[in-house]
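Listed here are the chains, written in short residue letters.
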Amino acid sequence: MTGPEAARRKTYRHGALKPALIEAGLRLARAGGGPDAIVLREAARQAGVAPNAAYTYFEDRNALVTAVASAALAQMATMMAAEQEGVTLSDDPAVAARQRFRGVGLGYLRFARTEPGLFRTAFTIGRNDTAADSPDAAGPTGRSGIELLGDALDEMVDTGSLPPERRPGAEYLAWSAVHGLAFLAIDGPLRTMPDDQLDAVGQRMLDMVDRGI
């Protein structure tokens, strides 16, 4: 047997069906704009197996959505880490810590705007409650998005740019503000705002969070 069918069967024999199904789910969510586009039967078809084979790894559609959500969160963490890595850091440790903190927020906003289907899937309430706790939600650094944010805040404390008494729970305050803007940008009234204006709003929002943390 040769051609695509042989390649699909080889993938299945080598035990790579689960990641193939998740990858198919990611494609469906990306193309369809969110979690509602994820269909177990279609994911199985794209992976080149019968629908029944998918149930070996996912008991139902919600289980696949949860796995795809974890994978989407990992992709978001990857973009957040890349944004941090791309920052030209100050020689002042305190300023550099704040720059890395802002990089987390910028990466989060960038992911929402460039991958809205995956962003919606990552935060599908009621279907992926365990997604953020999964090891699969971590990016290549081994840290999830919320962990990257926590690390940045801890560094701010260590460098003296954030008083230690203001550290507890600070990640949830920052996350709420950035997530709110991300939602408004892709599904709210800011979705028609030109990119340059939205970039400026994002920077001002981060200024506000930076001052308020």
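Residues numbered from 1 in each chain as written. Predicted model: local features only at pLDDT ≥ 70, side-chain atom pairs only at ≥ 80, totals over all residues. Heavy atoms only, no water.

Under the annotation held in an unreviewed UniProt entry, the chain carries the name TetR/AcrR family transcriptional regulator and is attributed to Nocardia colli.

A. Inspection of the overall build of the chain at higher detail. The helix and strand tally for the chain stands at 10 helices and 0 strands. In sequence order, the chain lays out its α and β elements as α-α-α-α-α-α-α-α-α-α. For the chain, the residues scored as buried account for 42% of the 213 residues in total. Pairs at least 24 residues apart make up 72% of the contacts formed inside the chain by residues separated by at least 6 positions. (Helix = DSSP H or I, 4+ residues; strand = E, 2+ residues; numbered from the N terminus. Buried < 20%, exposed > 50% of the residue type's maximum accessible area, 1.4 Å probe, protein only. Contact = heavy atoms within 4.5 Å.)

B. Looking closely at the pattern of salt bridges. Taken as a whole and assessed by the stated rule, the structure comprises 13 salt bridges. Residue Glu83 is joined to Arg110 by a salt bridge in which the shortest nitrogen-to-oxygen separation is 2.8 Å. Highlighted residues: Glu83 in helix H5 (residues 61–85) and Arg110 in helix H6 (residues 93–114), separated in sequence by 27 residues. With a relative accessible area of 17%, Glu83 lands in the buried category. Across the pair Arg167 and Asp154 runs a salt bridge, and its minimum N-O distance is 2.8 Å. A residue pair is termed long-range when its members are at least 10 positions apart, and Arg167 in the loop between helix H8 (145–158) and helix H9 (170–187) and Asp154 in helix H8 qualify at 13 residues. Among the charged side chains, a salt-bridge network with shared partners connects Arg98, Arg102, Asp207 and Asp210. (Salt bridge = Lys/Arg side-chain N within 4 Å of Asp/Glu carboxyl O.)

C. Layout of the packing of aromatic side chains. A complete count under the given rule lists 4 aromatic pairs for this structure. By the ring-pair criterion, three or more aromatic residues cluster together here, those being Tyr108, Phe119, Phe123 and Trp175. (Phe/Tyr/Trp six-rings, centres within 6.5 Å; stacked < 30°, edge-to-face > 60°.)

D. View of the environment of Leu26. Checked against the element boundaries, Leu26 lands in helix H2 (residues 17–32). Between the C-alpha atoms of Leu26 and Ile38, which are 12 residues apart in sequence, the distance is 8.0 Å.

E. Highlighting the confidence of the model for the chain. With 88% of its residues at a pLDDT of 70 or more, the chain has an overall mean of 89. Per-residue pLDDT stays below 50 along residues 4–11; that stretch engages in 7 contacts with residues further than four places along the chain or on separate chains. (pLDDT = per-residue confidence, 0-100.)

F. Looking closely at the nonpolar core. In this structure, Leu21, Phe101, Phe119, Leu153 and Ile213 are the most contacted members of the largest nonpolar core, which totals 57 residues. Top element by residues in this core is H5. It accounts for 11 residues. (Core = buried A, V, L, I, M, F, W, Y, C linked by side-chain atoms within 4.5 Å.)

G. Representation of H9 within the structure. Counted at 1.5 Å a residue, the expected span for H9 with its 18 residues is 26 Å, and the 26 Å between its end C-alpha atoms agrees. The set of residues buried in H9 consists of Ala170, Glu171, Ala174, Val178, Leu181, Ala182, Ala185 and Ile186. One side of H9 holds all its buried residues, which, seen down the axis, span an arc of 125 degrees. Turned more than 90 degrees off the buried face of H9, the exposed positions are Leu173 and Ser176. (Expected span 1.5 Å × (residues − 1). Arc of directions from axis to C-beta.)

H. Structural detail: the packing of H6 against helix H10 (residues 195–212). Close contact between H6 and H10 brings their axes to 11 Å; oriented N to C, the two are set at 140 degrees. By the criterion of interaxial angle, the relationship of H6 to H10 is oblique. Between H6 and H10 the crossing geometry is right-handed. Along its contact with H6, which presents Arg98, Phe101, Arg102, Gly105, Leu106, Leu109 and Arg113, the element H10 presents Asp195, Leu198, Asp199, Gly202, Gln203, Met205, Leu206, Asp207, Val209 and Asp210. Partitioned by chemical class, the residues of the contact of H6 with H10 number 7 nonpolar, 3 polar and 7 charged. (Axes fitted to C-alpha atoms, helices over the stretch in contact; angles between N-to-C directions. Parallel < 35°, antiparallel > 145°, perpendicular 65-115°, else oblique. Left-handed = near helix turned anticlockwise from the far one by under 90°. Nonpolar A, V, L, I, M, F, W, Y, C, P; charged D, E, K, R; others polar.)

I. Spotlight on a nonpolar patch on the surface. Residues Ile146, Tyr172 and Trp175 make up a contiguous nonpolar surface patch of about 280 Å² in total accessible area. Looking at the element boundaries, Ile146 is found in helix H8. Assessed through its relative accessible area of 32%, Ile146 is described here as partly exposed. (Patch = residues over 30% accessible without salt bridge, like charges linked within 9 Å, V, L, I, M, F, W, Y side chains within 5 Å. Areas by Shrake-Rupley, 256 points an atom, 1.4 Å probe, with all protein chains shown as cover.)

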